[in-house]
Amino acid sequence: MNPPTCAHALAAAQAQGLDRLDAQLLLLHALGKPGDARAWLLAHDTDVLPEKPAEDFRAMCARRAAGEPLAYIVGSKEFFGLTLQVDARVLVPRPDTETLVDWALECLKAPAMPPKPAVLDLGTGSGAIALAIAYSLRATAHQARVVAVDASADALDVARDNAGRLGLSLDFIQSHWLKEVGEHFHLILSNPPYIASADPHLEALAYEPLTALAAGEDGLDDIREIVRQAPGHLLAGGWLLLEHGYDQAEAVCALLAQEGFVQVQSRLDLAGIARCSGGLWPGGQGIGAGFQTAG
Ligand code: GLN
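Residues numbered from 1 in each chain as written. Predicted model: local features only at pLDDT ≥ 70, side-chain atom pairs only at ≥ 80, totals over all residues. Heavy atoms only, no water.

Pairing is mixed in the open sheet, where seven strands are placed in the order S5-S4-S3-S6-S7-S9-S8. Every interior strand has two partners, whereas the edge strands, strand S5 (171-174) and strand S8 (262-268), have only one. Averaged over all pairs of adjacent strands, the angle between their axes in this sheet comes to 20 degrees, without regard to strand direction. The pairing of S8 with strand S9 (residues 274-281) spans five bridges and is classified as antiparallel. When the sheet's bridge partners are listed, Arg267 is paired in S9 with Cys276. Most of the contacts of helix H8 (residues 153-166) go to S5, to which it runs at about 175 degrees, and overall it touches strand S4 (145-150) and S5. (Pairing = 2+ DSSP bridges. Helix = DSSP H or I, 4+ residues; strand = E, 2+ residues; numbered from the N terminus. Axes fitted to C-alpha atoms, helices over the stretch in contact; angles between N-to-C directions. Contact = heavy atoms within 4.5 Å.)

Below you can see the structure in the form of structure tokens.
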């Protein structure tokens, strides 16, 4: 057989069932080129692939065809304009979660927020949410102190490496939700596990950590726990914002209202699905006057 050209290799990958885009990104990775060099592939359609990249490409295509996320194979994922290193220790950041970050930034830039608010990201995984917030506010008057929590020491290692690589400073706490967290925050947010444990979708996500995905019979176990614990760690006027499943907005809003949150509302993701819900903690006994000015 003649040595394969770029075009042959891509056609073979697609015949194996890979998306065209995935095949292109894997071939660029095999060639040591960045993911934004797809135009190079078009221009070099008829180039013969050297043996080593050809072999690496075939091996990577086999992994992808078996269902491994592209991000684990290439070792990185873009989120909110940042390149994050990811591997099987953490969930792959999803574009849906950018909705949560957008909402948090809106709250943090509101006139009621003091400068340098304290923000807590629960279940940080790769650090995606915490880093996107720290990065977006880094050179502004709203520059936040961002604390990232995860129960998994492995996940915290990944998040710490990402922070180091991006030159962003976060504080890290290993904790099951708020258990080991001492202070109070202006905003707490989380993309917790929210898939029902018997949901057939979990099968397609088998490469990612189950503890980051599944949350009991109705998928709401962790959200219930966070909603219960958060008031003890929010300043009066502080926000709790949660990502959840496509059909959980009503249930999450009810949990928030029941707990005493006000201004309870949801936000739509890029597909138009109510993907995040949150509310404002009006304050109460024992945590000081809060930060909202009267009127
Ligand atoms: N949005 C992810 C998915 O359905 C799940 C992430 C999560 O459970 N937090 O693939």
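A few words on the packing of helix H9 (residues 221-229) against helix H10 (residues 249-259). Running from N to C, H9 and H10 cross one another at 25 degrees; their axes reach a closest spacing of 10 Å. Judged by the inter-axis angle, H9 sits roughly parallel to H10. By crossing handedness, the relation of H9 to H10 is classed as right-handed. Contacts between H9 and H10 pair Ile223, Arg224, Val227 and Arg228 from the former with Val252, Leu255, Leu256 and Glu259 from the latter. In terms of residue class, the contact of H9 with H10 is made up of five nonpolar, no polar and three charged. (Parallel < 35°, antiparallel > 145°, perpendicular 65-115°, else oblique. Left-handed = near helix turned anticlockwise from the far one by under 90°. Nonpolar A, V, L, I, M, F, W, Y, C, P; charged D, E, K, R; others polar.)

Spatial relationships are all this shows, so hold off on functional conclusions.
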